[in-house]
Structures are given as structure tokens and as C-alpha cells.
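Per-entry structural report
Below, each chain spelled out in residue letters.
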Amino acid sequence: MAATRLIMLGPPGAGKGTQAQKLCKDAGLAHMSTGDMLRAAVAAKTPVGLQAKGYMEGGKLVPDEVVIGVLVEAIDKAVAAGAKGFVLDGFPRTLPQADALKKALSDRKLPIEQVILINTPDKVVQERLGQRRSCSDPKCGAVYNLASKPPKKDGVCDVCGKPVVLRNDDKPETVLVRQQTYWRDTAPLIDYYKKAGLLVEVPGSGSMDEIAGLVKDAVNKGGKKSGGCCCGGH
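This report concerns the structure included in the present document. (Residues numbered from 1 in each chain as written. Predicted model: local features only at pLDDT ≥ 70, side-chain atom pairs only at ≥ 80, totals over all residues. Heavy atoms only, no water.)

Helix length check: helix 1 (residues 16-27), at 12 residues, gives a terminal C-alpha distance of 16 Å against a target of 16 Å (1.5 Å per residue), a fit within 8%. In this structure, the buried residues of helix 1 make contact with strand 1 (5-9), strand 2 (30-33), strand 3 (86-89), strand 4 (114-119) and helix 9 (208-220). Gly28, located one to two residues past helix 1, shows a positive phi value of around 70°. (Helix = DSSP H or I, 4+ residues; strand = E, 2+ residues; numbered from the N terminus. Expected span 1.5 Å × (residues − 1). Contact = heavy atoms within 4.5 Å.)

Put into C-alpha cells, the structure is as follows:
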């Protein structure tokens, strides 16, 4: 049985968002991107958005208390709307967040069934992010790559017609900070979920279509059933 409650794990620029979107579209799952949710809050200048802005533009992690409430609310809404499951994209990023996620999902009887690690070398990440461009309208959220998936009209979003820009957190100096943050704070989750028997690793150096095929195969093999734990003994 295919897993329906998943986490997409990997370094910034590994393609987690692209793969999560493809998987959700094919399997009828809800795509939960904390990055998109937080960027929308920044653009709307909400209290949470203003709090998160300084962290995000500096390539640093947004504090847990800012993120948890937003994510859990989104999961509740998706389940209430009849989603078959969900894919968490960009969360958790630290061991304390994984603990908080375990508690929140245990309370809802919705434990994580599988964690997909897209293992991508730092050099590949740097090249990808240098070519990545994003729609300036957070409500749209379309993402492009100047080398492999450029917008049809230079600098203009195919979906909504708004300008396509290099996000602050994709600039080279910020990417280096993000990579350092990942290896220090997020990489420990690899062992965390491996110990729980939830982790499946796929290589992230190929094309997006090649990676998508590997992700689909891994998910179709299934994960832990609803009685499974969503963390590794913490």
C-alpha cells in the first residue's frame, strides 16, 4: 500500500518542492510547503510574516513557534477538505520540530508513514539555485529554472503574468548560509528517521523526471501503517 503521509527531506535546492508537487498531483495528496506559507505571510505583512522576514532573508531558520501553528492549521484544513493525505515540504528542519510534529500528528492520529530523502551534492544545489527564478506573487508561487524550465516570456510568469525574480534566499551568499544551516540543523533528521524505519533515500543529481520516477517507486512501496511512529525514539 502506498504511503499517503510523507515528509520530503533534503538540502535546499534538492528539488523537494518540485517532487512534492508532482507526487501530490498524481496521488491526490495535499502539498504542505511551509516556505510558501511563510513567504505569503511576509508579503501580506502579517504579524507572523514580519517576524519571519528577517530570518528568511538571512537564510536562517524561522523559530518553531512561528511555523508549527501555521502547518498544523493547514493539515487540519486539508484533511477536513477530503485530502487523501499530505506531503510536508520543508518541515521539519530540526530535531525539536520533529518532536513537535510527532506530538501534533499523534494527537490527530495522522502519523508520518514515510520520509523521502533527496540526496543532492552541495555543488549541484548551488548550480540549481543560481538558475532558479520564482514568481514575485506569493499567491501564485510558480518556480522556474533558466536552464531547464525557463518562463516562455523572459522575466514574466507563465501562470499569472507577474514578474519572475531571483528570491533573496536563492542569492549565492544566502545559499551558502542555507547549506551550512542544513548540515548543522537539518541533516541530523536523516538518522532520526532512519532509526524509525521511515527513511527512503533517492539520488538527487539526475533530471527532475528521473528523480520523480524514483520518488514514485519509493512511495508506491509504502511506509509504516497508521499505527506507526512518526519519529525515531525522541
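Next comes the rest of the account.
Below, the discussion takes up the sheet that holds strand 6 (residues 143-145). Whenever strands of a sheet pair, they do so through backbone hydrogen bonds, lying parallel or antiparallel. Spatial ordering of the open sheet is given by 6-5-7, a layout of three strands whose pairing is antiparallel. Strand pairing shows two members of the sheet lacking a second neighbour, strand 6 and strand 7 (164-165), which therefore form its edges. Strand direction decides the pairing type here: strand 5 (residues 132-135) and strand 6, joined by three bridges, are antiparallel. Among the inter-strand pairings, Ser134 is bridged to a residue of strand 6, identified as Val143. (Pairing = 2+ DSSP bridges.)

A word on the nonpolar core. Within the largest apolar cluster, 33 residues are counted, with the highest numbers of intra-cluster contacts made by Met32, Phe86, Leu88, Ile112 and Tyr193. Listing elements by their share of this core, those giving two or more residues are strand 1, strand 2, helix 3 (47-57), helix 4 (64-80), strand 3, helix 5 (95-107), strand 4 and helix 8 (188-195). Ranked by residue count, the leading element in this core is helix 4, at six residues. Membership of the second largest hydrophobic core comes to 16 residues, among which are Ala3, Leu6, Met8 and Val202. (Core = buried A, V, L, I, M, F, W, Y, C linked by side-chain atoms within 4.5 Å. Buried < 20%, exposed > 50% of the residue type's maximum accessible area, 1.4 Å probe, protein only.)

So, on to the layout of surface pockets. Which parts of space are left empty comes out when a probe the size of a water molecule is rolled across the atoms. Considered as a void within the structure, the second largest pocket measures approximately 460 Å³ in volume. Arg39, Ser136, Arg167, Asn168 and Asp169 are, among the 20 residues lining the second largest pocket, the residues nearest its centre. Mapped onto the lining of the second largest pocket, the elements with two or more residues apiece are helix 2 (34-44), helix 3 and strand 5. Considering each element in turn, the lining of the second largest pocket owes the most residues, four residues, to helix 2. When its residues are assigned to classes, the lining of the second largest pocket shows nine nonpolar, four polar and seven charged. (1 Å grid on protein atoms, 1.4 Å probe; cavity = no way out; pocket = protein on both sides within 12 Å on 5 of 7 lines; lining within 4 Å. Points joined across faces, edges and corners; volume = space filled by probe spheres on them. Nonpolar A, V, L, I, M, F, W, Y, C, P; charged D, E, K, R; others polar.)

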